[in-house]
Amino acid sequence: MDTQETSPSVLLFFNNERFIFNAGEGLQRFCAEHKIKLSQVDHICLTRVCSETAGGLPGLLLTLAGIKNGSPESTEHVDIWGPPNLDLLVNAMKNFVPHATMVKAHIIPRSDNVMVHGNGAALASSLHAEELQAEGKFKAVSISAILLTPTDLLDGSHFSSNDTSIVYICNLHDIRGEFDPRKAKACGLKKGRKLGQLQNGISVKSDLLDIEVHPDDVIGPPIPGPIVLIVDCPTEPHAQELLSAQALNAYYSDSQSNSPETTKVVNCIIHLSPATVVSSPVYERWMRKFDSAQHIMARTTREHETTPILESSARIATRLHYLCPQLFPAPSLLSVQNDGVAAPNFKVQVEGSISKVCGISAENLLKFTLRPPRRLGLDRSSVQNQMTSSVFIKELLSEIPEIADAAKNMSTFWHKPKEDEAELFTRQDSEVMTGDPSLAGHAAPRCMKNVQRDDLEIVFLGTGSSIPSKYRNVSSIYFNLFSKGGLLLDCGEGTLAQLKRRYGINGADSAVRNLKCIWISHIHADHHAGLARILALRRDLLKGVPHEPMLVIGPEQVGEFLKDYKKLEDLDMLFLDCRSTTVAKWDDMEADSMNDESRDHTVLTSLSEDSSLLRCSKRMKPSTPVDDIKLLKRFKKVLSEAGLVRFISFPVVHCPEAFGIILESAERMNCGTVVPGWKVVYSGDTRPCSEVIEASLGATILIHEATFEDGLLEEAITRNHSTIKEAIEVGRSAGAYRIILTHFSQRYPKVPALDEVSIQRTCIAFDLMSVNLADLPVLPKLLPYLKLLFRTRELI
């Protein structure tokens, strides 16, 4: 069981059949951390279809597609089960999941008709049990689904497909009773094939007696298969529907219509419902209907949580923080979703006495063993030991004793005398005046003069490529403009979780609430699959508060995905194509603004006199669509509020419609002198190209992808990525003051080897690394200490 900070996921393994119930963001990283193989997943069952429960599904499907298409079983597909809005999600994913044919969606229908359950009992309620059916599967278990939709929504105009949730009933098949040799002998049976026929359920003629021998004569009663319920009630009205679901009557121990022989004993109930719902009187009443079930609460808090969800990532982050707390703030240890409600304790009346049914809080890797019967019950053998920062630091000092002195040396870089700091600016004019931009990297740019720490901080939320891994999440960079808000450049899966690890839950909420815009470089899922989760959270945080929709800027395909996804879930956003934020399109907008009044006046007063003016007015319209111009004008105001004067997308060499971005801040006054603003360029994914070099001329910071090591140039060319050496050369050619490398292949274990010239302006990014503008002069000095830190422990 995985208790994610976004949405809990449950894994059920039955022999060779593997089921995942919900695929929240971070599922792949969690499984990579704990060596849980997802390659053999057959079925994904969603209790609801939204960013909370399915945020990790696109990335998971892409990974599975890559695995299966590279194997002889490439014709296999993954079955996805969910409520009626599942088809909307599958349709939206087709915009960027090229292996959509491997997905077979199964819609679990909502019916208002009287249904007949498998035991022949008529159900008056529409909340019937629908058994899942798949060809050649479900050999060890039968799974049924009950759809919950609050009745007051069914016949109203406010019904949304998102209002439906599912309860899954997982029933392992019965185990055949044991064969009794003594009974067989008493029935006159000899050893031979007849005994095998009886064990297969076939009646036979006795060898010694004139009787028919039936299987029940020699085989004991079957052992009932254990039953697990997976329950997701997002609201109290859903809990009310759960309470009235007649399809569950056969499982209630307190039902008067059930006899001990017909009652199906539920062994375990996994509650995915929020703690606020679980603790409600309606839900409590429903739980009282089960005598012996073990209740596992996956959305309630645990006090004094100290164990991180991703131990390996937390270990690296803690070590980096020990070495250099200025660039690597202490990571926040996340527990399960914090609803502020502890796991409830319920009392159940049983035969006149009071008995307690306790709900326990779920833990990562907590197991409930279903077979063999002798081991039925909770299994905490895989649950992580309590790990704290002090434990990680103790390990570090044991492995690398000299790291303590290294940390002290690093701390001195932040306590230089003012005179030494001033020297950084004295060489600028002489070096830049030579006309060689490559010489400008050593002198601090003028924008650094008396810079304040509340100007800009760049937080690297994900520095890996392709898929999330134990140590590096996929691409996302947060620009913290402090009181002026923030920006997200790319938004891979798990971006929200990384914000929580960096700022804590409340701090992450604040960052999302104050976002000015989100910019996406290209359509690949590792750069945008976290979008829906961020947008949905912002929508919820600002509900009832006057605000503007979030502006998402990206290539056309991202816009198509969001357009389709909005049919599933309102994300409270507007989309603007990256092509509308190029230099040419900004110029179009400015020209349109200047010509608005005169053009409108001319058209209105003269159109009737000369019809040729109609054609002229059409020619006068800029090439940027009118709606995009309106958005650009609104966006310009947003940028001004954020202290930015330039926000320019430019094409790069990667896939069709791939872009980099230029960000520039406004000038400021310093002691009566005008100081230019900073300039940051982000390459996105790209081959080294003139477009990036031109965009990066005189940049304060160039953030450039460096997917491959220098020895894999051919692969870098094939995949349209850059090597480390190529990325550094781009920055050097452009005269960028600092070059920060990111988007590393997940297979690379250590800090790459860099020559002395490269070290003078280059830094390697790690997840949660936070680079303040004021710290740029110190940044290159970090590299030798990073090499020391990772000399004995590989990153992967």
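No experiment lies behind these values; they were computed from the predicted model shown. (Residues numbered from 1 in each chain as written. Predicted model: local features only at pLDDT ≥ 70, side-chain atom pairs only at ≥ 80, totals over all residues. Heavy atoms only, no water.)

Describing the overall build of the protein
Selection criterion: A helix here means a DSSP run of H or I that spans at least four residues, while a strand means a run of E at least two residues long, and both kinds are numbered starting from the N terminus. A simple rule labels every residue: compare its accessible area, found with a 1.4 Å probe on the protein chains alone, to the largest value its type can have, and call it buried under 20%, exposed over 50%, or partly exposed in between. The contact criterion used throughout is that any non-hydrogen atoms of two residues lie within 4.5 Å. Per-residue accessibility takes into account occlusion by the displayed protein chains alone, with areas from the Shrake-Rupley method and a 1.4 Å probe.
Within the protein, the regular secondary structure consists of 27 helices and 34 strands. Split into buried and exposed, the 796 residues of the protein put 55% on the buried side. A separation threshold of at least 6 residues defines the contact pool for the protein, and within that pool the share at least 24 residues apart is 68%. Of the roughly 34700 Å² of accessible surface on the protein, 51% is carried by carbon and sulfur atoms.

A closer look at the nonpolar core
What counts, and what does not: Among the buried residues, those of types Ala, Val, Leu, Ile, Met, Phe, Trp, Tyr and Cys that are joined through side-chain atoms within 4.5 Å form a nonpolar core.
Ranked by internal contacts, the top residues of the largest apolar core, which has 92 residues, are L323, F479 and L782. L323 has contacts with I403, A406, A407, M410, L782, Y785, L786 and L789, leaving out every residue within four places of it along the chain. With 56 residues, the next largest nonpolar core counts L64, A92, V103 and L568 among its residues.

Topic: the environment of F575
Locating F575 in the fold gives a position in strand β25 (residues 573-577). The residues touching F575, leaving out its near neighbours within four places in the chain, are L551, V552, I553, G554, P555, V558, G559, L562 and L631.

Here we look at the sheet that holds strand β4 (residues 78-82)
Defined as follows: For two strands to pair, DSSP has to find at least two bridges joining them. Here an axis means a line fitted to C-alpha atoms, over the contact stretch when the element is a helix, while the angle between two N-to-C directions is reported on a 0 to 180 degree scale.
Taking strand neighbours across the sheet as the criterion, the 5 strands line up as β1-β2-β3-β4-β5 in an open arrangement whose pairing is mixed. What marks the edges here is a single partner per strand, and that holds for β1 (10-14) and β5 (103-107). Averaged over neighbouring strand pairs, the angle between their axes works out to 20° when direction is ignored. As judged from the 5 bridges shared by β4 and β5, these two strands associate in the parallel manner. Within β5, the position partnered with V78 by the bridge is V103. Along the sheet face, helix α4 (residues 86-93) touches β4 and β5 and points at about 160° away from the line of β5.

Considering helix α14 (residues 403-412)
As a reminder, the rule being used: The arc in question is traced by the directions running from the helix axis to the C-beta atoms.
Buried within α14 are the following residues: I403, A406, A407 and M410. All buried residues of α14 fall inside an arc of 100° around its axis, so they share one side. Where α14 is buried, its residues meet α12 (311-323), α13 (389-399) and α27 (783-789).

Concerning the packing of α4 against helix α19 (residues 556-565)
Rules: When describing relative orientation, an angle under 35 degrees is termed roughly parallel and one over 145 degrees roughly antiparallel, while 65 to 115 degrees is termed roughly perpendicular and anything else oblique. Residue polarity follows a fixed list, in which Ala, Val, Leu, Ile, Met, Phe, Trp, Tyr, Cys and Pro are nonpolar, Asp, Glu, Lys and Arg are charged, and the others, Gly among them, are polar.
For the pair α4 and α19, the least separation of the axes is 8 Å and the interaxial angle reads 175°. As summarised for this structure, α4 and α19 are arranged roughly antiparallel, according to the angle between their axes. Across the interface between the two elements, L89, N91 and A92 from α4 touch F561, D564 and Y565 from α19. The class makeup of the residues in the contact of α4 with α19 is 4 nonpolar, 1 polar and 1 charged.

Quick look at unusual backbone geometry
Looking along the chain, the bond that leaves R371 and enters P372 is cis, with omega of 0°. Following the sequence through the fold, P372 ends up in the loop between β18 (367-369) and β19 (377-379). Of note in the backbone geometry, N22 takes a positive phi value of approximately 75° without being a glycine. The residue N22 is located in the loop between β2 (17-21) and α1 (27-33) in this model. Here the phi dihedral of N720 falls at roughly 55°; this positive angle occurs in a residue that is not glycine. Locating N720 in the fold gives a position in the loop between α24 (713-718) and α25 (724-734). A relative accessible area of 23% means that N720 is categorised as partly exposed.

As for the state of the cysteines
What counts here: Throughout, a disulfide means two cysteine sulfur atoms within 2.5 Å of one another.
Taken as a whole and assessed by the stated rule, the structure comprises 0 disulfides. Its sulfur unpaired, C268 is 9.9 Å from the next cysteine sulfur, which belongs to C170.

Digging into the environment of I219
In this fold, I219 is placed in the loop between α8 (215-218) and β13 (227-231). Judged by relative accessible area, I219 falls into the buried class, the value being 9%. Residues I219 and D180, 39 residues apart in the sequence, show an inter-C-alpha distance of 5.9 Å. If sequence neighbours within four positions are ignored, I219 has contacts with R176, G177, E178, F179, L198 and Q199.

Overview of the confidence of the model for the protein
Applicable threshold: Known as pLDDT, the predictor's confidence for each residue is given on a scale from 0 to 100.
Per-residue pLDDT for the protein averages 82, and the proportion of residues at 70 or more is 79%. Note on residues 112-126: pLDDT under 50 across the span, and 17 contacts to partners over four residues away in sequence or across chains. Contacts from residues 335-356, a stretch scored under 50 in pLDDT, to residues over four places away or in other chains number 64 contacts.

Here we look at the packing of aromatic side chains
To keep it simple, the criterion reads: Two aromatic rings from Phe, Tyr or Trp, using only the six-membered ring of Trp, form a pair when their centres are within 6.5 Å; if the ring planes differ by under 30 degrees the pair is stacked, by over 60 it is edge-to-face, and anything between is tilted.
All chains considered together, the criterion is met by 13 aromatic pairs. Between F561 and Y565, the aromatic rings sit 5.7 Å apart at their centres with planes inclined by 50°, giving tilted as the arrangement. With a gap of 4 residues between them, F561 and Y565 both fall in helix α19, about one helical turn apart. This pair shows no difference in class: F561 is buried, exactly as Y565 is.

Regarding the side chain of E664
Where we set the bar: Distance and chemistry together define a polar contact, namely a pair of N or O atoms within 3.5 Å, with one atom able to donate a hydrogen and the other to accept it when in protein, and with adjacent residues in sequence counting only for side-chain atoms on both sides.
Locating E664 in the fold gives a position in strand β27 (residues 659-665). Looking at E664, its side chain comes within polar contact range of the side chain of R646, at 2.7 Å. The residues contacting E664, other than those within four sequence positions of it, are L644, V645, R646, W678 and K679.

Looking at the environment of I739
Residue placement: I739 occurs in strand β32 (residues 738-742). A relative accessible area of 0% means that I739 is categorised as buried. Distance in space between the C-alpha atoms of I739 and T762 is 4.7 Å, their sequence separation being 23 residues.

Remarks on the pairing of β27
Taking burial as the measure, the 7 residues of β27 include 7 buried ones, the bulk of the element. Judged by which residues are buried, β27 turns out to be covered on both faces: F659, I661, L663 and S665 on one side and G660, I662 and E664 on the other are all buried. As paired elements, strand β26 (residues 644-651) and β27 share 7 bridges and run antiparallel to each other. Bridge pairing in β27 links R646 to E664. Pairing analysis gives 4 bridges linking β27 to strand β30 (residues 679-682), with the strands arranged antiparallel.

A word on the sheet that holds strand β23 (residues 515-519)
Reading across the sheet, the 7 strands line up as β25-β24-β23-β22-β21-β20-β34 and stay open at both edges, with mixed pairing between neighbours. Since the sheet does not close on itself, it has two edges, and those belong to β25 and β34 (770-772), each with one partner. Going from strand to strand, the sheet's axes swing by 20° on average, the running direction of each strand aside. By the bridge criterion, 3 bridges tie strand β20 (residues 457-462) to β34 in an arrangement that is antiparallel. Looking across to β34, one finds that V459 is bridged to S770. Across the sheet, helix α18 (residues 531-541) is in contact with β22 (486-491), β23, β24 (550-554) and β25; its angle to β23 comes to roughly 160°. Along the sheet, α19 contacts β24 and β25; its crossing angle with β25, the most-contacted strand, is approximately 155°.

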